[in-house]
Structure formats: structure tokens, C-alpha cells
Amino acid sequence: MVAMPSKHLRITVIGAGVIGLSCAYELAEAGHEVTVIADHGPGDTVSALAGALWFPYHAAGTEQVVERSLRRFVELAALGDTSADTATDDFTDDVPPVQMRTGVLHERLDPPDRSWVAPVVEVLGDDAVQPVDGGVRATLPMIMTSRYLAWLMDSCRMNGVAFQWRTVASLEELTGTTDAAVIAGGLRGGDLLGGDDAVAPVRGQLMLFANGDGGEDGPLLTDWVVDSDDPAHMTYVFPREDEIVVGGTSEPGSWDEAPDQATAEAILARAEALVPELTELPIIGHGAGLRPARETVRIEHVDGYDLPVIAAYGHGGAGVTLSWGTAERVVELVGEL
Ligand SMILES: Cc1cc2nc3c(=O)[nH]c(=O)nc-3n(C[C@H](O)[C@H](O)[C@H](O)COP(=O)(O)OP(=O)(O)OC[C@H]3O[C@@H](n4cnc5c(N)ncnc54)[C@H](O)[C@@H]3O)c2cc1C
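Being a predicted model, the structure only gives us computed values, none of them experimental.

Reading the values: rules and limits
Residues numbered from 1 in each chain as written. Predicted model: local features only at pLDDT ≥ 70, side-chain atom pairs only at ≥ 80, totals over all residues. Heavy atoms only, no water. Helix = DSSP H or I, 4+ residues; strand = E, 2+ residues; numbered from the N terminus. Polar contact = N/O pair within 3.5 Å; in protein donor to acceptor, adjacent residues only side chain to side chain. Contact = heavy atoms within 4.5 Å. Salt bridge = Lys/Arg side-chain N within 4 Å of Asp/Glu carboxyl O. Buried < 20%, exposed > 50% of the residue type's maximum accessible area, 1.4 Å probe, protein only. UniProt positions renumbered as here; feature names shortened; annotations may be inferred. Pairing = 2+ DSSP bridges. Near = heavy atom within 4 Å. Areas by Shrake-Rupley, 256 points an atom, 1.4 Å probe, with all protein chains shown as cover. Nonpolar A, V, L, I, M, F, W, Y, C, P; charged D, E, K, R; others polar. Domains from an automatic or database assignment. Core = buried A, V, L, I, M, F, W, Y, C linked by side-chain atoms within 4.5 Å. Axes fitted to C-alpha atoms, helices over the stretch in contact; angles between N-to-C directions. Parallel < 35°, antiparallel > 145°, perpendicular 65-115°, else oblique. Left-handed = near helix turned anticlockwise from the far one by under 90°. Phe/Tyr/Trp six-rings, centres within 6.5 Å; stacked < 30°, edge-to-face > 60°. Lys NZ or Arg CZ within 6 Å of the ring centre and 35° of its normal.

**Focus on the side chain of Thr12**
If you trace the backbone, Thr12 turns up in strand 1 (residues 10-14). For Thr12, the side chain forms a polar contact with the side chain of Thr178, separated by 3.0 Å. Apart from the residues lying within four places of it in its own chain, the contact partners of Thr12 are Thr35, Ile37, Leu174, Thr178, Ala180, Ala181 and Val182.

Rendered as C-alpha cells:
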């Protein structure tokens, strides 16, 4: 949690993906009057497509944001852990759809990139990350994204956040209605600022399997596996509760949001080689989406407008991972107004 600011402002957050909702929640918690405006509801954003494992994939330069987010997700996972006494009134009564899950990250680079280990050890201690043959075993938050976004939106509403479902065509139309705007527009984040050449899509395709029950319905998978440096394409298997997210691809510059059959077959072959149990489980869906990639994630004041503007976009393949740290930083930036 961040400290309560002395000044309470009317803040408009543009965007209802994981970044917009996290910022809205955190700003409302800090005592501000928050309105979210978005032309796509949470379930219809790229955020809903994310796996999502907490992992700072291609998130250089965001160390503090990474660690803050990890801390918050670990707290949320503890809220759902009924064995721990962690009752709180902050969120809805529903259990947050976040769980600590163990898995293996395959390492192909020499030397391997272990820059992500430092924040994990800082938050979870040495035992959370252990080198194993060919990689690293780690215990990290798994966020069941579609349920999580619904839960986060409920939590926002309980904190008094208002929602409007429409397009913001220009920042000028907000003048007089709000004291400040936070732009959490993902891939379109730069549009309201006259364009941002540093933003570009990185397409990702994935498929969904039904998870088993350990009996007649097939094996029940719980552990995740990631092979992000597979030269063919990144490969990952993220078991949620009822379903398993299996990916993926990383295709810079592609604007194609339709799943492609040949790509699905290639994902399937790589994933089944990693996790042979998948052959016993049914495929229940396919998806593709565009990661809002930017050279660096943008979280800063933007000058030159009639009202104070804070940019919070360009989170690439790590928007869920970076969401709470981004929201905490946005509250700090609002506090500086
Ligand atoms: C296949 C795939 C797998 C992924 N897996 C992971 C993972 O495991 N872990 C992880 O951390 N990340 C993952 N990601 C990345 C993650 O999904 C993104 O980084 C994140 O969703 C970006 O969130 P966002 O809120 O910035 O944008 P979005 O979710 O795109 O939301 C943007 C919002 O802004 C609104 N908007 C924009 N402009 C306007 C406007 N002018 N007026 C009104 N509304 C506007 C939209 O309607 C929408 O509500 C994955 C991405 C993909 C594609």
C-alpha cells in the first residue's frame, strides 16, 4: 500500500485492461475520486488473454516496479490461502484468483539470464529459486487472468470507482471534468499523445486445454513450464484450475489478431514435447493478441496539455507482472501534482 496523499483529486483513467484497473484501484485506495473510461471492457482486452505467470519477460529497466508487483501478488495469493490467517477488508469477499505455483524455466542462453531472480529472492527468499538440470525451478504467482480481471473490477467498484464505456477521442474532451488523466491504453496508449513511435505490437498466439481431475478426465496439471528461448518460438504451459494456457509465439510487428492453424499445430508439437500429459487432455480454444511493446515501459508525467497527464503504457509481454508496481508508481506521480 502507498501512503495516503494530502490532496484528493478527480482522476480519469483511460483503459480497463490490467494496467488501468490496477491504477484505478490503487488511486481509489489512496482516496481519489476515480473514473475509468474505456471502449473495451476487461474481458475484451489483451490483458484477458495473458497466461499469466508473474515473470518480467523483456522488462528491462523496471526493477522497482517488478519487485513491488511481486510483493502485491504474493500478498494476494496469501489471501486465497485459507491455511493462513490473512483476512482483510481491502478487496471483495471473493478469493483473489492468484496462486503461488512451482514450475521450471528452461535455460538455453550461455550464460543464462537470471536478472529476474534478484527480486524473487528479495521477496520470497532463497528457497523460491533453485537451479535444476537445464534450468531453474521457481515458485511464482500464477494469475488466473480472466477471473482476476473480473475480481479486480469488482474490487474497483467496491472502492467507489465509476466506469464509462466509450472512446476518448482527445484529451481536450476531458478538460473541466477531471483534475488529471492517466493513460493506460496499452497498444493505443500513445495515440492520445499525438503518437508514440516507440510502441509496436508483438503478436502472441496460444491455445487452451481443459485441465484434468487426476482421474477419468485426465491428468490434473499444476506446475508451469517455460522455454522462452526455444529458437523455434517461446513455449509455455500454464495450468490454471480448470484450464491450461499453452503458448506461444512472439511475432514483432504483426497486427494479426486471428489464431492461425499452422501456428497452433507448431505450438502443440513443442508443448507436448515439454509436457507429454497434454496429449491426454482436450483442446478447448485458441487465441491470439498483440502485446503492447515499447522500447521502455512508459510511466511518467507528460507535459503540454491543459490538464496534468500521466502515461502508463507499453508493458509488452509483462503487463500483468508489472501491474501493481505501475499502479503504485502512478499514485506517487499523482501525489506530486
Ligand atoms: C499471448 C499473450 C500472453 C501473455 N502472457 C503474459 C503473462 O504470462 N504475464 C504477463 O505479465 N503478461 C503477459 N502478456 C502481456 C499482457 O497481456 C499485456 O502486457 C497487458 O495486458 C497490457 O495491459 P494494458 O492494460 O496496458 O493494455 P490492454 O489490456 O490492451 O488494455 C487497454 C485498454 O485501454 C482502452 N483504450 C485504449 N485507448 C482508448 C481510448 N482512446 N479511449 C477509450 N479506451 C481506450 C482499451 O479499451 C482497453 O480497455 C501476454 C500477452 C499476450 C498477447
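There is more to say, and it comes next.
**Quick word on the pattern of salt bridges**
When the charged atoms of two side chains lie near each other, side chains of opposite charge can form a pair. Applying the stated rule across the entire model yields 19 salt bridges. We note a salt bridge from Arg294 to Asp196, for which the minimum N-O separation is 2.8 Å. Separated by 98 residues along the polypeptide, Arg294 in strand 13 (residues 283-294) and Asp196 in the loop between strand 7 (180-183) and strand 8 (199-210) bring together distant segments of the chain. Note on Asp196: relative accessible area 16%, which makes it buried.

**A look at the UniProt feature "binding site: D-dopa" (unreviewed entry) in the protein chain**
Under the UniProt annotation, the feature "binding site: D-dopa" (unreviewed entry) is placed at Tyr236, Arg291 and Gly317. Looking at the secondary structure, you find Arg291 in strand 13. Apart from residues no more than four positions distant in its own chain, Arg291 is found in contact with Tyr57, Leu187, Ala200, Pro201, Val202, Arg203, Gly204, Met234, Thr249, Ser250, Gly316 and Gly317. Side-chain polar atoms of Arg291 contact the backbone oxygen of Thr249, separated by 3.1 Å. Residue placement: Gly317 occurs in the loop between strand 15 (309-313) and helix 6 (323-335). Gly317 gets classed as partly exposed once you look at its relative accessible area, which sits at 36%. Aside from chain neighbours lying at most four places away, what touches Gly317 is Tyr57 and Arg291.

**A word on the pairing of strand 3 (residues 98-106)**
As paired strands, strand 3 and strand 5 (residues 135-143) are joined by nine bridges and run antiparallel to one another. Residue pairing for strand 5: Gln99 is matched across the bridge by Met142. Here three bridges tie strand 3 to strand 9 (residues 224-227), and the two strands are oriented parallel to one another. Paired with Leu105 across the strands is Val226, a residue of strand 9.

**Quick look at the site of the ligand**
What surrounds the ligand is a group of 39 residues, the closest being Asp39, Ser47, Val168, Gly316 and Thr321. Between the ligand and Val18, the relevant distance is 3.3 Å, taken from an oxygen atom to a main-chain nitrogen or oxygen of the residue. A distance of 2.9 Å is found between an oxygen atom of the ligand and a backbone nitrogen or oxygen belonging to His40. Starting from 1000 Å² of accessible surface for the ligand in isolation, the protein chains cover 95%. When contributions to the shell around the ligand are tallied by element, the ones reaching two or more residues are helix 1 (18-29), strand 2 (33-38), strand 8, strand 10 (235-239) and strand 13. Looking at the shell around the ligand element by element, the count peaks at three residues for strand 13. Of the residues assigned to the shell around the ligand, the class counts are 19 nonpolar, 16 polar and four charged. Taken domain by domain, the makeup of the shell around the ligand includes at least three residues from each of domain 1 (10-100 + 140-198 + 295-335) and domain 2 (200-293).

**Details of the nonpolar core**
One finds Leu27, Phe73, Trp116, Leu140, Tyr148, Trp224 and Val330 to be the most contacted residues of the largest nonpolar core, which totals 73 residues. Top element by residues in this core is helix 1. It accounts for eight residues. Structurally, this core is a two-domain feature, drawing no fewer than three residues from each of domain 1 (10-100 + 140-198 + 295-335) and domain 2 (200-293). Filtering out sequence-adjacent residues up to four positions away, Val330 remains in contact with Cys23, Leu27, Val182, Ile299, Ile310 and Ala312. Ile14, Leu171, Leu307 and Ala311 belong to the second largest nonpolar core, which has 15 residues in total.

**A few points about the packing of helix 1 against helix 4 (residues 145-158)**
For the pair helix 1 and helix 4, the least separation of the axes is 9 Å and the interaxial angle reads 30°. Classed by the angle they form, the pair helix 1 and helix 4 counts as roughly parallel. Note that helix 1 runs across helix 4; the crossing there is left-handed. Contact residues: helix 1 offers Val18, Leu21, Ser22, Ala24 and Tyr25, while helix 4 offers Tyr148, Leu149, Leu152, Met153, Ser155 and Cys156. Of the residues belonging to the contact of helix 1 with helix 4, the class tally is nine nonpolar, two polar and no charged.

**Section: the packing of aromatic side chains**
Tallied over the full model, the rule gives six aromatic pairs. Seen from their ring centres, Phe73 and Tyr148 are 5.8 Å apart, and the 50° between their planes marks the pair as tilted. Placement of the pair is Phe73 in helix 2 (residues 63-80) and Tyr148 in helix 4, with a sequence separation of 75 residues. The exposure class of Phe73 is buried, given its relative accessible area of 0%. Three or more aromatic residues joined by ring pairs make a cluster, and in this case those are Phe73, Tyr148 and Trp151. Of note, Arg72 hangs over the ring of Trp324, and the distance from its end group to the ring centre comes to 4.4 Å.

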